[in-house]
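Descriptive analysis of the structure
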Amino acid sequence: MSRSGRPGRAADRKRAVRRGLTTLAAGLLVATGTATGTAPAYAAEDPTVPPAKEHRANAEILDAECVVPPTHDPAVNVIVHRVARAHDANAKVMLAAFEAGWVESHMNNLNCGDKDSIGVFQQRPSYGWGTVEQIMDPVYAATQFVVRAIESDRRDPGQTAGQLAQSVQGSAHPGRYDVAEPTARALMAEAARMAGIFGGSPTDFNGDGKDDIITFTQNAEADVYVATAGDRAFGGARIWQQRFGVGGETPLTGDFNKDGIDDVVTFTHGSEAKVYVALSNSQEFGPASVWHDFFAPRHETPAVGDVNGDGYDDIITFTHDEAADVHVALNTGDGRFGAAEVWHDFFGRTGEFPALGDVDGDGMDDLITFTQGAEGDVYVALSNGDGFGASQVWHEHFAVGNEQPRVGDVDGDGFDDIVTFTQGDQGDVYVARSTGGGFGASELWHEWFSPAGEFPYLGDYDGDGQADIVSFTRGDKNDVHVALSNGTDGFVEGAVWHDFFGLTGETSL
């Protein structure tokens, strides 16, 4: 059934959520109004020197003149996480940012506060944090907090996360930051998941017909390692690019010059939102160059796929909020992506897991979103080459809760299928195969693969035209396990294909 075909459901929901986006719009479109309310914030003139005065900015003590939502804004959550990663913040600084964000605003971009306090961290223009316009940009506000926190942590590494937050905020209620740790950790986990949505992308970097594995270190070095697929094993890891896909960015893969060899792309997000591509020559990735100068800003979720069937992979971004727009920038074939256009105006809302795949076998990638949660619906919107059609339910219960869904052609019939990894202590892998007009019943294809803490993905690692499964164990082992598709009812012959690749904190595909 079409989602938009439910009597007025999509239109009514979209109108309703857009009416309620005042706070979100204020933060992500950069507000220009005057701050009002009752929560002070405080800043030092020198950004490397934390404030010494106290303030009483706190979400729990703001009065009716400045209403603080009881829940967080997921978009702001992702932005703070990406900013902290972009500055290579350690775990304590990251936690301090989330504790402060929750205590000050419940992780919302408030356009009010005590006196002239505004924003996620209730920073005050009158105390030198920046202009109203700057502070109301969550990217800027989070940057100001993180930079100060990193410097404070260097001076006094013995501080708890809450004490570190206090050293930046100077609150009259310093104990509330450490008390907020459980909530802050839950918000961090959610942000990491939303910032790391990878439904699937091809990784054949040398053009031999077998998918390889890649890891972006996303630390201060920002190296890119590749291990190419051989005979039931991956070869030695080797650096293919340096300083690409730094922390806070979203690196992905695709064939951007139609040479049959996959390349790398990274979305910088933030306020600049540039898109860089580095082409593969089958031995390494060449110099990175800007292919788009504003795409997938701030909290958005990018993806890669050939949506118009011309053989060149394009870039797509899901606004992934209550507006739920989907923008596409087509590959022009001459080293750039064209202007971004809206191809769907309601798909992949907050909390859903959006992805791409050619589910009807026409050579054009389509939209897929997993609603997750208890309902677990799977919606599809087919590409017609210049837009995506109405969304329809293709499966009514798949990838529930926080399972990890992926997209790939596991049986080699030309239709992309859906796969979900239950993870946890079960480690089951379920498949629902595409018929070209829907996904069939869920089938158990593996009983123990990629349990909790590991990162699963798909790829054709033996070159037989059928997508297999891979898991990066991370932790203290960093093994890479592969199980091959038999094309009919299972992933078999599970084995370690690499014994040290894809460390914790890296993005491995």
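Residues numbered from 1 in each chain as written. Predicted model: local features only at pLDDT ≥ 70, side-chain atom pairs only at ≥ 80, totals over all residues. Heavy atoms only, no water.

Before going further, it helps to examine the overall build of the protein chain. Each helix and strand counted, the protein chain has 9 helices and 24 strands in total. A burial count over the protein chain gives 59% of its 509 residues as buried. Taking the intrachain contacts of the protein chain between residues at least 6 apart in sequence as the baseline, contacts between residues at least 24 apart amount to 52%. Summing over all exposed atoms, the protein chain offers an accessible surface of approximately 18600 Å²; the carbon and sulfur share of this is 51%. (Helix = DSSP H or I, 4+ residues; strand = E, 2+ residues; numbered from the N terminus. Buried < 20%, exposed > 50% of the residue type's maximum accessible area, 1.4 Å probe, protein only. Contact = heavy atoms within 4.5 Å. Areas by Shrake-Rupley, 256 points an atom, 1.4 Å probe, with all protein chains shown as cover.)

To continue, consider the confidence of the model for the protein chain. Summing up the model confidence of the protein chain, the mean pLDDT is 89 and the portion of residues at 70 or higher is 87%. Across residues 1–57, where pLDDT falls below 50, the model places 163 contacts with residues more than four positions away in sequence or in other chains. (pLDDT = per-residue confidence, 0-100.)

Moving on: the state of the cysteines. Enumeration according to the criterion identifies 1 disulfide in this entry. A sulfur-sulfur separation of 2.0 Å characterises the disulfide bridge that pairs C66 with C112. In this structure the cystine formed by C66 and C112 twists about its S-S bond by roughly 75°; its chirality is therefore right-handed. In this pair, C66 is assigned in the loop between α2 (22–28) and α3 (74–86) and C112 in the loop between α4 (91–105) and α5 (132–135), connecting sequence segments 46 residues apart. Like C112, C66 is buried. (Disulfide = S-S within 2.5 Å.)

In this model, K258 sits at a positive phi of 60°, which is unusual for a non-glycine residue. Here N478, not a glycine, exhibits a phi torsion of approximately 60°, which is positive. Here N478 falls in the buried class, since its relative accessible area comes to 5%.

The subject of this paragraph is the sheet that holds strand β11 (residues 341–344). One open sheet holds the 4 strands; their spatial order is β8-β9-β10-β11, and the pairing between them is antiparallel. Edge strands, defined here as strands with exactly one partner in the open sheet, are β8 (301–305) and β11. Recorded for the sheet is a direction-independent mean angle of 35° between the axes of neighbouring strands. By the bridge criterion, 3 bridges tie strand β10 (residues 326–329) to β11 in an arrangement that is antiparallel. Bridged to V326 within β11 is H344. (Pairing = 2+ DSSP bridges. Axes fitted to C-alpha atoms, helices over the stretch in contact; angles between N-to-C directions.)

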